[in-house]
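# Inside the fold
Given next are the chains, with one letter for each unit.
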Amino acid sequence: MGRSVLSHFLNLSNPSPRFTSSLVISSRSSGAIPSKLLKKSGSIDQHCLLNRQIRTGFRCCCSISVSQPAGQESSSSPLRKRIVSGVQPTGTIHLGNYLGAIKNWIPLQNTYDTFFFIVDLHAITLPYETQQLFKATRDTAAIYLACGVDTSKASVFVQSHVRAHSELMWLLSSATPIGWLNKMIQFKEKSRKVGDENVGVALLTYPVLMASDILLYQSDFVPVGEDQKQHLELTRELAERVNYLYGGRKWKKLGGRGGAIFKVPEPLIPPEGARVMSLTDGCSKMSKSASSDQSRINLLDPKDVIANKIKRCKTDSFPGLEFDNPERPECNNLLTIYQLMSGRTKEEVAQECQGMNWGVFKRILTDALIDHLHPIQVRYEEIMSDSAYLDRLLAEGATKAADIADATLNNVYQAMGFLRR
């Protein structure tokens, strides 16, 4: 706890290329809880952030590299590492959600103990339509399955179906300094859009609920995108704070096992596709909340809609196509999407497309998108046609999740001094 700076390296073994992230850890000046701060390097992101004059309240240092596959962790091991992740059922699941999260879950479920849930409690932090929430929750679950999440390997459930999420959130709220929440960048951005008079308390406190989502399952790793790094940092600090305040000998004196109450999770950042950008602005993330549907490719978009969006997407006037030119964010984004849709390496795509004009490239990008998304769309329709099947899988997933979540919650109640039920 007294060390101000510590280098920590995370090496993950799985059947696909290993994700390796390097973190620089420093302590908060305001307390004894260390802060492990993250940053994705890259000239495109730096150029866009400079143009938009985005300023953050913390310093991050994180780099991602891809190495050769390492020895696979034994699938028969009773102590497999655990991963949790989820997507909000707001709007329509788009290519950014898929490439930044869901697609990366598929290989992880073969090696890790995985929990993928639909985070519906997070979906009510801003004004919403009740009927839309109901429909979008089922749609999101079906898309998980259609994209390849296998319920024989992973637990799939709806967040609100496991009540421990809300209960732990309240307990963690008592240990969360308000100053930590006031520094959350997304709260500042979204509250400005909605207006102070219309901002609910949940918009400020939902990072505590996110921490609850992660800590309930004693997660080892959490897949994170660019916009979630700060929230994971708060989760890590909150876990350490609660462990310090209530764990160890204090917990043991109350009849507990002692030691740490929560496992402190590590970030898992995919090497490509963690931040898919808008089709209308290569410096803005592809988002459900963007006013124009033209800015995103939705996973369920028909072929003609995909073709029209790619035909009209923003490009530039530079000759040829290339990755990683900070003056060409749209070019970098579209090439990255093509790389991920086609399954080719970055080097292969760079060589194939370097001499292309935009007209030719847009045609091959459209074909790659349609070919990749069509099987997902077919499978989605099959799942949605059998509502009983979907409901059964979600109920089974919630039961398994609740068994683990309740065990953690009971420990927290005990460590915090509550009378045993």
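## Observations concerning helix α3 (residues 130–146)
When the terminal C-alpha atoms of α3 are compared, their 24 Å separation across 17 residues agrees well with the 24 Å that a helix rising 1.5 Å per residue should span. Counting buried positions along α3 gives 12 out of 17 residues, so the element sits mostly inside the fold. Taken residue by residue, α3 has Leu133, Ala136, Thr137, Arg138, Asp139, Thr140, Ala141, Ala142, Ile143, Tyr144, Leu145 and Ala146 as its buried positions. Positive backbone phi, approximately 120 degrees, marks glycine 148, located one or two places after α3.

## Comments concerning the pairing of strand β6 (residues 113–118)
Most of β6 is tucked away, with six of its six residues classed as buried. Burial along β6 is two-sided: Asp113, Phe115 and Phe117 facing one way and Thr114, Phe116 and Ile118 facing the other are all buried. Taken together, the six bridges between strand β5 (residues 82–87) and β6 define a ladder with parallel strand orientation. Of the residues in β6, the one forming a bridge with isoleucine 83 is threonine 114. Running through helix α2 (residues 95–108), the crossover from β5 to the neighbouring parallel element β6 is right-handed. Where β6 lies against strand β7 (residues 154–158), five bridges are found, and the strand directions are parallel. Bridged to phenylalanine 117 within β7 is phenylalanine 157. This β-α-β element, β6 to α3 to β7, shows right-handed connectivity.

## Here we look at the confidence of the model for the chain
Per-chain confidence: the chain averages 82 in pLDDT, with 78% of residues scoring 70 or above. Low confidence marks residues 1–43, where pLDDT is under 50. Its contacts with residues over four positions away, or in another chain, come to 131 contacts. Every residue in residues 47–77 is under pLDDT 50, and counting partners more than four places away or in other chains gives 67 contacts.

## Side note on the packing of aromatic side chains
The full count for this structure, using the stated rule, is nine aromatic pairs. Ring centres of tyrosine 338 and phenylalanine 361 lie 5.7 Å apart, and the angle between their planes is 80 degrees; on these two criteria the pair is classed as edge-to-face. Here phenylalanine 361 lies in helix α13 (residues 358–384) and tyrosine 338 lies in helix α11 (residues 329–342), a separation of 23 residues in the sequence. By relative accessible area, tyrosine 338 is classed as buried at 4%. Judged by relative accessible area, which is 0%, phenylalanine 361 ranks as buried. If you follow arginine 241 out to its NZ or CZ, it ends over the ring of tryptophan 180, 5.8 Å from the centre.

## As for helix α10 (residues 303–312)
Among all positions of α10, only Ile306, Lys309 and Ile310 are buried. Buried positions in α10, seen along its axis, are confined to an arc of 95 degrees and lie on one side of it. Relative to its buried face, α10 has exposed residues pointing more than 90 degrees away, namely Asp304, Lys311 and Arg312.

## A few points about the nonpolar core
In this structure, Leu95, Tyr98, Ile102, Tyr144 and Phe361 are the most contacted members of the largest nonpolar core, which totals 54 residues. The dominant element in this core, judged by the number of residues it contributes, is α13, at 10 residues. Among all residues touching phenylalanine 361, those that are not within four sequence positions of it are Leu321, Leu334, Leu335, Tyr338, Cys353 and Met356. Counting residues in hydrophobic clusters, the runner-up holds 46 residues, among them Tyr206, Leu232, Ala402 and Tyr413.

## Brief notes about the packing of α11 against α13
In the contact formed by α11 and α13, the axes pass within 9 Å of each other and the chain directions differ by 40 degrees. Here α11 lies oblique to α13, going by the angle between them. Judged by the twist between their axes, the crossing of α11 over α13 is left-handed. When α11 is examined against α13, the residues Cys331, Leu334, Leu335, Ile337, Tyr338, Leu340 and Met341 are found in contact with a partner set consisting of Trp358, Phe361, Ile364, Leu365, Ala368, Leu369 and His372. A class-by-class count of the residues in the contact of α11 with α13 yields 13 nonpolar, one polar and no charged.

## Remarks on the side chain of threonine 336
On the secondary structure map, threonine 336 appears in helix α11. Of note is the side chain of threonine 336, whose polar atom sits 2.8 Å from the backbone oxygen of asparagine 332.

## Overview of the side chain of aspartate 220
Note on placement: aspartate 220 falls in the loop between α7 (201–215) and β8 (221–223). Engagement of the side chain of aspartate 220 in a polar contact is seen with the backbone nitrogen of arginine 82, the distance being 2.7 Å. Within the structure, aspartate 220 has its side chain in polar contact with the side chain of lysine 263 (distance 3.1 Å). If we ignore the near neighbours within four places in the chain, the residues touching aspartate 220 are Lys81, Arg82, Lys263, Pro265 and Glu266.

## Notes on the environment of valine 156
Relative to the helices and strands, valine 156 resides in strand β7. With relative accessibility at 3%, the residue valine 156 sits in the buried group. Separated by 12 residues in sequence, valine 156 and tyrosine 144 have C-alpha atoms that sit 8.3 Å apart. Filtering out sequence-adjacent residues up to four positions away, valine 156 remains in contact with Phe116, Ile118, Tyr144, Leu145, Val149, Thr151, Leu393, Leu394, Gly397 and Ala398.

Each value, and the rule that gives it
Residues numbered from 1 in each chain as written. Predicted model: local features only at pLDDT ≥ 70, side-chain atom pairs only at ≥ 80, totals over all residues. Heavy atoms only, no water. Helix = DSSP H or I, 4+ residues; strand = E, 2+ residues; numbered from the N terminus. Expected span 1.5 Å × (residues − 1). Buried < 20%, exposed > 50% of the residue type's maximum accessible area, 1.4 Å probe, protein only. Pairing = 2+ DSSP bridges. Right-handed = clockwise from strand over helix to strand, strands pointing away. pLDDT = per-residue confidence, 0-100. Contact = heavy atoms within 4.5 Å. Phe/Tyr/Trp six-rings, centres within 6.5 Å; stacked < 30°, edge-to-face > 60°. Lys NZ or Arg CZ within 6 Å of the ring centre and 35° of its normal. Arc of directions from axis to C-beta. Core = buried A, V, L, I, M, F, W, Y, C linked by side-chain atoms within 4.5 Å. Axes fitted to C-alpha atoms, helices over the stretch in contact; angles between N-to-C directions. Parallel < 35°, antiparallel > 145°, perpendicular 65-115°, else oblique. Left-handed = near helix turned anticlockwise from the far one by under 90°. Nonpolar A, V, L, I, M, F, W, Y, C, P; charged D, E, K, R; others polar. Polar contact = N/O pair within 3.5 Å; in protein donor to acceptor, adjacent residues only side chain to side chain.

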